[in-house]
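Coordinates in review
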Amino acid sequence: TEEQIAALSARLAGYEPAWTHFQSMSLSVRKTYTRAYLDAKTEAGREKRLAWMVERLNQNLKPM
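For the structure given in this document, a descriptive report is provided here. The structure displayed is predicted, hence computed values, not measured ones.

Position of Tyr15 among the secondary structure elements: in the loop between α1 (2-12) and α2 (18-24). Along the chain, Tyr15 and Met53 lie 38 residues apart, while their C-alpha atoms are 10 Å from each other. If we skip the residues at most four places from it in the chain, Tyr15 touches Leu50 and Val54.

Attention now goes to the packing of aromatic side chains. Each pair of aromatic rings is reported with the distance of its centres and the angle of its planes. Within the structure shown, the criterion is met by two aromatic pairs. Pairing Tyr33 with Trp52 gives two aromatic rings, centres 6.0 Å apart and planes at 55 degrees, and the pair type is tilted. Of this pair, Tyr33 sits in helix α3 (residues 27-38) while Trp52 sits in helix α4 (residues 43-58), and the two are 19 residues apart along the sequence. Take Tyr33: its relative accessible area is 0%, and that puts it in the buried class. Judged by its relative accessible area of 34%, Trp52 falls in the partly exposed class. Among the aromatic side chains, those forming a connected cluster through ring pairs are Phe22, Tyr33 and Trp52.

When you line up the elements, Ser9 lands in helix α1. Residue class for Ser9 comes out buried when judged on its relative accessible area of 11%. In contact with Ser9, not counting residues within four places along its chain, are Trp19, Phe22 and Gln23.

To continue, consider the packing of α1 against α4. Two elements in contact, α1 and α4, have axes separated by 11 Å at closest approach and are oriented at 75 degrees. By the criterion of interaxial angle, the relationship of α1 to α4 is roughly perpendicular. Along its contact with α1, which presents Leu8, Arg11 and Leu12, the element α4 presents Glu43, Glu47, Leu50, Met53, Val54 and Leu57.

Looking at soluble globular proteins, one finds that nonpolar side chains tend to be buried together. Residues Leu8, Leu12, Phe22, Tyr33, Leu50, Met53 and Leu57 are the most contacted members of the largest nonpolar core, which totals 13 residues. Contributing elements (two or more residues each) for this core: α1, α2, α3 and α4. For this core, the leading source of residues is α4, giving four residues. Those residues in contact with Met53 that sit more than four places away from it in its chain are Leu8, Leu12, Tyr33 and Tyr37.

Calculation rules
Residues numbered from 1 in each chain as written. Predicted model: local features only at pLDDT ≥ 70, side-chain atom pairs only at ≥ 80, totals over all residues. Heavy atoms only, no water. Helix = DSSP H or I, 4+ residues; strand = E, 2+ residues; numbered from the N terminus. Contact = heavy atoms within 4.5 Å. Phe/Tyr/Trp six-rings, centres within 6.5 Å; stacked < 30°, edge-to-face > 60°. Buried < 20%, exposed > 50% of the residue type's maximum accessible area, 1.4 Å probe, protein only. Axes fitted to C-alpha atoms, helices over the stretch in contact; angles between N-to-C directions. Parallel < 35°, antiparallel > 145°, perpendicular 65-115°, else oblique. Core = buried A, V, L, I, M, F, W, Y, C linked by side-chain atoms within 4.5 Å.

So this is what it looks like as structure tokens:
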């Protein structure tokens, strides 16, 4: 949902240029990143996925 995408965007706000790249991506790509983050079952898993996302977003890459 839009609220979930906004929540993930808020989590990424401290990471530049990842946050800027995330904001400039299409809605479908932002949904894919959000789904990947929320599919993690534990908080440790979410942190691991966040680190993965920041690494990819810093390079302006879409999710695989």
